[in-house]
Amino acid sequence: MVKNPWQSSMQNISLEKYELRQYTLNILMSEFGSTHSNKAIYECADEWCSKQVTTNGLVAYFKAYHAKNN
């Protein structure tokens, strides 16, 4: 049986990080969901949540993140 990597990482995530990831994905999907791939959005959200504790500056970060990976 193959394990889902997201599922196993969720076992060790705090409630605060879980909520941050939800808010982050909500914002990114609202802003960029119709113009960018889900893959780009989820990768950015993962990177953002690994380094940040709020969503302040997220939209600008995504624009910079996506531009450097295009």
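Preceding this paragraph is the structure being described.
Nothing here was measured: the structure is a model prediction, and the numbers come from that model. (Residues numbered from 1 in each chain as written. Predicted model: local features only at pLDDT ≥ 70, side-chain atom pairs only at ≥ 80, totals over all residues. Heavy atoms only, no water.)

Interaxial distance between helix H2 (residues 15–32) and helix H3 (residues 38–51) falls to 9 Å at its minimum, and their mutual angle equals 145 degrees. In terms of crossing hand, the pair formed by H2 and H3 is right-handed. On H3, the residues that touch Lys-17, Leu-20, Arg-21, Thr-24, Leu-25, Leu-28, Met-29 and Phe-32 of H2 are Asn-38, Ile-41, Tyr-42, Cys-44, Ala-45, Asp-46, Trp-48, Cys-49 and Ser-50. Grouping the amino acids of the contact of H2 with H3 by side-chain chemistry returns eleven nonpolar, three polar and three charged. (Axes fitted to C-alpha atoms, helices over the stretch in contact; angles between N-to-C directions. Helix = DSSP H or I, 4+ residues; strand = E, 2+ residues; numbered from the N terminus. Left-handed = near helix turned anticlockwise from the far one by under 90°. Contact = heavy atoms within 4.5 Å. Nonpolar A, V, L, I, M, F, W, Y, C, P; charged D, E, K, R; others polar.)

What follows covers the environment of Phe-32. Mapped onto the fold, Phe-32 is located in helix H2. For the pair Phe-32 and Val-59, spaced 27 residues apart in the sequence, the C-alpha separation amounts to 9.0 Å. Contacts of Phe-32, omitting those with residues within four sequence positions, involve Ile-41, Val-59, Phe-62 and Lys-63.

Let's shift gears to the nonpolar core. Leu-20, Leu-25, Leu-28, Phe-32, Ile-41, Cys-44, Ala-45, Trp-48, Cys-49, Leu-58, Phe-62 and Tyr-65 together form the largest nonpolar core, which totals twelve residues. Only H2, H3 and helix H4 (58–68) provide two or more residues apiece to this core. Sorting elements by how many residues they give to this core places H3 first, with five residues. In this view, Cys-49 contacts Lys-17, Leu-20, Arg-21 and Thr-24; residues no more than four positions away in its chain are not counted. (Core = buried A, V, L, I, M, F, W, Y, C linked by side-chain atoms within 4.5 Å. Buried < 20%, exposed > 50% of the residue type's maximum accessible area, 1.4 Å probe, protein only.)

Taking 1.5 Å of rise per residue, 14 residues should cover 20 Å, and H3 covers 20 Å from first to last C-alpha, within 8% of that figure. Regarding H3, the residues found buried are Ala-40, Ile-41, Cys-44, Ala-45, Trp-48 and Cys-49. Projected down its long axis, H3 carries its buried residues within an arc of 150 degrees, all on one side. The exposed residues of H3 that point more than 90 degrees off its buried face are Lys-39 and Ser-50. (Expected span 1.5 Å × (residues − 1). Arc of directions from axis to C-beta.)

Within the secondary structure, Thr-24 sits in helix H2. Reaching out from Thr-24, the side chain makes a polar contact with the backbone oxygen of Leu-20 at a distance of 2.7 Å. Beyond its immediate sequence surroundings of up to four residues, Thr-24 is in contact with Ala-45, Trp-48, Cys-49, Thr-55 and Leu-58. (Polar contact = N/O pair within 3.5 Å; in protein donor to acceptor, adjacent residues only side chain to side chain.)

For the rest of this paragraph, the subject is the pattern of salt bridges. Scanning all chains against the criterion turns up three salt bridges. Among the ionic pairs, Arg-21 bridges to Asp-46, the shortest N-O distance being 2.5 Å. One end of the pair, Arg-21, is in helix H2; the other, Asp-46, is in helix H3, with 25 residues separating them in the sequence. The buried category is assigned to Arg-21, whose relative accessible area is 9%. (Salt bridge = Lys/Arg side-chain N within 4 Å of Asp/Glu carboxyl O.)

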